[in-house]
Amino acid sequence: MTKPTSRKAARRQALYLLYQWDLTGQELASLYDGEPAAFALQLAEVVSARANALDGRISSASPDWPADRLGAVERNILRIGVYELEENTVPREVAINEAVVLAKRYASEDAGRLVNGVLARIAREEAA
């Protein structure tokens, strides 16, 4: 019996899927070696389907760093974060923190600050 994947690990899988999808345009299911966690595949599918709308939210919250100027890693971390904020799938603080942790781990400290700033602005807009 396989151990269930934590949501944190599933977000990493979703980021991997989205990153590959963003670069190659291939089907999500073909991009993961093995069987991704159900939550990871579901998250990646909904985020990729809504990528244009999510990019619009990112760009409006960050005019100096619109989605099309971001690296693929940062852009997809923000897409996941914005989706989780909009859908209230987790508390706001959790959505922002998880995204910042991913940015620091897979990009840089500066990316972590950027992700924090963009998501905090969007969270304030959602709360208003």
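Source: prediction; values computed, not measured. (Residues numbered from 1 in each chain as written. Predicted model: local features only at pLDDT ≥ 70, side-chain atom pairs only at ≥ 80, totals over all residues. Heavy atoms only, no water.)

*Asks:* What exactly am I supposed to notice about the pattern of salt bridges here?
*Replies:* Pairing of side chains with opposite charge becomes possible as their charged atoms draw close. Scanning all chains against the criterion turns up twelve salt bridges. For Arg11, the salt bridge is made with Glu98, and the minimal N-O distance between the two is 3.7 Å. Residue Arg11 is located in helix 1 (residues 7-24), and its partner Glu98 is located in helix 5 (residues 92-106); the two are separated by 87 residues in the primary sequence. Bridged by salt links that share partners, the residues Arg50, Arg57, Glu86, Glu87, Glu125 and Glu126 form one connected network. (Salt bridge = Lys/Arg side-chain N within 4 Å of Asp/Glu carboxyl O. Helix = DSSP H or I, 4+ residues; strand = E, 2+ residues; numbered from the N terminus.)

*Asks:* Looking at this model, I keep getting lost on unusual backbone geometry. Mind explaining?
*Replies:* When glycine is set aside, most residues are seen to have a negative phi, and most peptide bonds are trans. Phi at Asn88 is positive, roughly 50 degrees, even though this residue is not glycine. Position of Asn88 among the secondary structure elements: in the loop between helix 4 (72-87) and helix 5.

*Asks:* Just checking my understanding: could you explain the packing of helix 4 against helix 5 for this structure?
*Replies:* Packed helices, taken two at a time, are described by the angle their axes make and the gap between the axes. Between helix 4 and helix 5, the least distance of the axes is 9 Å, while the angle of their chain directions is 170 degrees. Classified by the angle their axes make, helix 4 and helix 5 are roughly antiparallel. For the pair formed by helix 4 and helix 5, the contact residues are Val73, Ile77, Gly81, Glu84 and Leu85 on the first element and Arg92, Ala95, Ile96, Ala99, Leu102, Ala103 and Tyr106 on the second. (Axes fitted to C-alpha atoms, helices over the stretch in contact; angles between N-to-C directions. Parallel < 35°, antiparallel > 145°, perpendicular 65-115°, else oblique. Contact = heavy atoms within 4.5 Å.)

*Asks:* Whenever I open this one, helix 5 confuses me. Can you help?
*Replies:* Residues separated by three or four positions in an α-helix point in the same direction, a consequence of the helix having 3.6 residues per turn. In this model helix 5 runs 21 Å from its N-terminal to its C-terminal C-alpha over 15 residues, within 8% of the 21 Å that 1.5 Å per residue would give. Structurally, helix 5 contributes buried residues whose contacts are with helix 1, helix 4 and helix 6 (109-127). (Expected span 1.5 Å × (residues − 1).)

*Asks:* Please explain helix 3 (residues 51-61) as it appears in this structure.
*Replies:* Buried within helix 3 we find Ala51, Leu54, Asp55, Arg57, Ile58 and Ala61. Along the axis of helix 3, the buried residues cluster in a sector spanning 160 degrees; they form a single face. Exposed residues on helix 3 whose side chains face more than 90 degrees from its buried face are Asn52 and Ala53. Elements that come into contact with the buried residues of helix 3 comprise helix 1, helix 2 (38-49), helix 4 and helix 6. (Buried < 20%, exposed > 50% of the residue type's maximum accessible area, 1.4 Å probe, protein only. Arc of directions from axis to C-beta.)

*Asks:* Looking at this model, I keep getting lost on the nonpolar core. Mind explaining?
*Replies:* Buried together is how nonpolar side chains tend to be arranged in soluble globular proteins. By size, the foremost hydrophobic cluster in this structure holds 37 residues, and its most contacted members are Val47, Ile77, Leu78, Ile80, Leu85, Val115 and Leu119. If you list the elements that add at least two residues to this core, you get helix 1, helix 2, helix 3, helix 4, helix 5 and helix 6. Broken down by element, this core gets its largest block of residues, seven residues, from helix 4. (Core = buried A, V, L, I, M, F, W, Y, C linked by side-chain atoms within 4.5 Å.)

*Asks:* Would you explain the packing of helix 1 against helix 4 in this entry?
*Replies:* Remark: helix 1 packs on helix 4, axes separated minimally by 9 Å, with the N-to-C direction vectors making an angle of 125 degrees. Of the possible angle classes, the one that applies to helix 1 and helix 4 is oblique. The two elements helix 1 and helix 4 cross, and the hand of that crossing is right-handed. Each of Arg11, Ala14, Leu15, Leu18, Tyr19, Trp21, Asp22 and Leu23 in helix 1 lies in contact with helix 4, whose residues at this interface are Ala72, Val73, Arg75, Asn76, Ile77, Arg79, Ile80 and Glu84. (Left-handed = near helix turned anticlockwise from the far one by under 90°.)

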